[in-house]
Amino acid sequence: LIDASDAHSEVLNDVFCEHTKKGGGAVLVNAAQLCASQHSFDTLTAPQRLPRVGYEATVGAALPFIQTLHNLTVAGDTVYRVEGVLSGSVQSMLAQWQLQRQQKPSESQSLANVVMDAHRRRQFSMDPRQDLLGITSARKAL
């Protein structure tokens, strides 16, 4: 099973848990399923299921963050701090708004207009509130 949606669903979570319990595989590109509850996370990432459950958080131009961090620690490196922009779409939108305000303060768009323009260009996930409220970033951080 592959979850490529950007919505959280308890029903879908139950389907993934049951499917992997029976030996099926799952690929989770949506952090929402892993952030549903601690029980769901523990169930989906239990050692006996991990060979069949794949997940990855991508940040900064879709770089595989979790696997890279895992590889560093397995190699014996110590990671002291991780910094980055968790939402490239929000960062891009805010940078555009800031640039407009600096270049032509009297003509700059309102933040609401910049958000609507970014949404029209499909720069956000399906529901831009997920990005704007920080929900997408919080899921990546978990």
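Residues numbered from 1 in each chain as written. Predicted model: local features only at pLDDT ≥ 70, side-chain atom pairs only at ≥ 80, totals over all residues. Heavy atoms only, no water.

A. Spotlight on the overall build of the protein. Counting secondary structure elements, the protein contains eight helices and five strands. Seen in sequence order, the protein has helices and strands lined up from the N terminus as β-α-β-α-α-β-β-β-α-α-α-α-α. The buried share among the 142 residues of the protein stands at 25%. Sequence separation of at least 24 residues holds for 52% of the intrachain contacts in the protein that already meet a minimum separation of 6. When the accessible surface of the protein is totalled, it reaches about 9,500 Å², and 58% of it is carbon and sulfur. (Helix = DSSP H or I, 4+ residues; strand = E, 2+ residues; numbered from the N terminus. Buried < 20%, exposed > 50% of the residue type's maximum accessible area, 1.4 Å probe, protein only. Contact = heavy atoms within 4.5 Å. Areas by Shrake-Rupley, 256 points an atom, 1.4 Å probe, with all protein chains shown as cover.)

B. Summary view of the pattern of salt bridges. Counted by the stated rule, this structure contains three salt bridges. Linked through salt bridges whose partners overlap, the residues forming this network are Asp117, Arg120 and Arg121. (Salt bridge = Lys/Arg side-chain N within 4 Å of Asp/Glu carboxyl O.)

C. Examining the side chain of Ser40 more closely. Here Ser40 shows up in helix α3 (residues 38-44). When its relative accessible area of 6% is taken as the criterion, Ser40 is described as buried. Of note is the side chain of Ser40, whose polar atom sits 3.0 Å from the side chain of Asn13. Not counting the four nearest positions on each side in its chain, Ser40 is found in contact with Asn13 and Gln33. (Polar contact = N/O pair within 3.5 Å; in protein donor to acceptor, adjacent residues only side chain to side chain.)

D. Spotlight on the sheet that holds strand β3 (residues 53-55). Strand order in the open sheet formed by three strands is β1-β2-β3, and the pairing between neighbours is parallel. Every interior strand has two partners, whereas the edge strands, β1 (2-3) and β3, have only one. Alignment of β1 against strand β2 (residues 26-28), held across two bridges, turns out to be parallel. Bridging from a neighbouring strand, Ile2 pairs with Val27 of β2. (Pairing = 2+ DSSP bridges.)

E. Molecular detail of the packing of aromatic side chains. Within this structure, the stated rule accounts for zero aromatic pairs. Over the aromatic face of Trp97 sits the side chain of Arg101, whose NZ or CZ is 4.7 Å from the ring centroid. (Phe/Tyr/Trp six-rings, centres within 6.5 Å; stacked < 30°, edge-to-face > 60°. Lys NZ or Arg CZ within 6 Å of the ring centre and 35° of its normal.)

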